[in-house]
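Breakdown of the fold
As a plain string of letters, each chain reads:
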Amino acid sequence: MTHQVAASKAELPPALITIGIDVSKDYLDAARHPGGDTVRVANTRKGQTALLRWIGDIKAVARVVFEPTGPYHRTLEERLAAVGIPLIRVNPRRARRFAEATGKLAKTDRVDALMLARYGALLEPVARPVRTDLQNRLAELVAARRSLMRDRTATLNRLKTLTISLLQRHARHRLRQIEAQITSLDKAIDTLVAKDPHLSRRRDVLASIPGLGTLTAHALLADMPELGTMEEGHAASLAGLAPVTRQSGTWRGRSFIQSGRATVRQALYMPAIVAMRFNPDLRRVYDRLIAKGKHAKIAITAIMRKLIVLANALLRRNQLWTPKEA
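Residues numbered from 1 in each chain as written. Predicted model: local features only at pLDDT ≥ 70, side-chain atom pairs only at ≥ 80, totals over all residues. Heavy atoms only, no water.

The protein goes by Transposase in an unreviewed UniProt entry, where it is assigned to Acetobacter pasteurianus NBRC 3278.

Right under this line is the structure:
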């Protein structure tokens, strides 16, 4: 009997491991869970090769977990995705809250790597497709345009308060520069999207939705490339537009939205206002919520949620928006 039990245990497949990686400009600190082994390598192609050797059999890796760090994680992400390792990008705030919940208050590169590995092993977050080089370039261009729009608003506001003619001339000159740079970026984004038939089709699908337009379509393609690959509720949750319920016993608190991608919500706010004016279905949703006593901002948020769910559904079906038949 003992021999049979031992034989059964020997036939069990080995447990999959989770790798946590703390990414910085110069180094990659990796940790393995279970086991707790750690390694530090340079954040270079040569260092990434050494990291892959340390990881060993990639078939035994359930996931690699890391926090996004702008340009510093991209080559690592591409290298690991190329060999077929599932990748998880964790929101730094969630990772820090997990560390605090487990009592890990110290913060070093090695400790962060161990914490990320444990986070991935215990919570088992879902791996999402890695952005292509084209998507990364689009995201960088859209982020630059968004930054210029903020500069434009700040300069316009400052111009209203300036009283010295020299400073007024400088502000107007800066506005002309910003406008020229925005125009240049818009052309670059249009050219980039037009080069790729798949991306161009996705842009057309999104832009067909009343209220969105080309600029919003580009923002969604850049900031939420997962659109079209998710279930309805997941799309709203990822955008931070799914209401969070608060309830304890007989007490019921007011629901609210939280986390998610702020840039997506910012991109959808004005389109939601336009859509509820010209889309009869969305107008009815808005009017119904207002009639129930909901605040206008809550009703607009509901319209934004409808838009992101609709965008996800149309992209999944690769179908342009068409009005419902009367």
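Our focus in this paragraph is a positive patch on the surface. A cluster of basic residues, Arg288, Lys292, Lys294 and Lys306, forms a positive patch on the protein surface. In this structure, Lys306 sits in helix H13 (residues 296-317). Lys306 sits in the partly exposed class, given a relative accessible area of 44%. (Patch = residues over 30% accessible without salt bridge, like charges linked within 9 Å, V, L, I, M, F, W, Y side chains within 5 Å. Areas by Shrake-Rupley, 256 points an atom, 1.4 Å probe, with all protein chains shown as cover. Salt bridge = Lys/Arg side-chain N within 4 Å of Asp/Glu carboxyl O. Lys, Arg positive; Asp, Glu negative; His and termini not counted. Charge placed at Lys NZ, Arg CZ, Asp CG, Glu CD. Helix = DSSP H or I, 4+ residues; strand = E, 2+ residues; numbered from the N terminus. Buried < 20%, exposed > 50% of the residue type's maximum accessible area, 1.4 Å probe, protein only.)

Right, let's get into the pattern of salt bridges. For the coordinates displayed, the defined rule picks out 14 salt bridges. Between Glu140 and Arg74 there is a salt bridge, and its shortest N-O distance comes to 3.5 Å. Remark: Arg74 occurs in helix H3 (residues 74-82) and Glu140 occurs in helix H6 (residues 133-161); sequence separation between them is 66 residues. Here Arg203 makes a salt bridge to Asp204, at a shortest N to O gap of 2.9 Å.

The subject of this paragraph is the packing of aromatic side chains. Counted according to the given criterion, the structure contains 1 aromatic pair. Looking at Arg32, its charged tip hangs above the ring of Trp54, at a distance of 4.2 Å from the centre. Against the face of Tyr27 rests Arg40, its NZ or CZ located 4.3 Å from the ring centre. (Phe/Tyr/Trp six-rings, centres within 6.5 Å; stacked < 30°, edge-to-face > 60°. Lys NZ or Arg CZ within 6 Å of the ring centre and 35° of its normal.)

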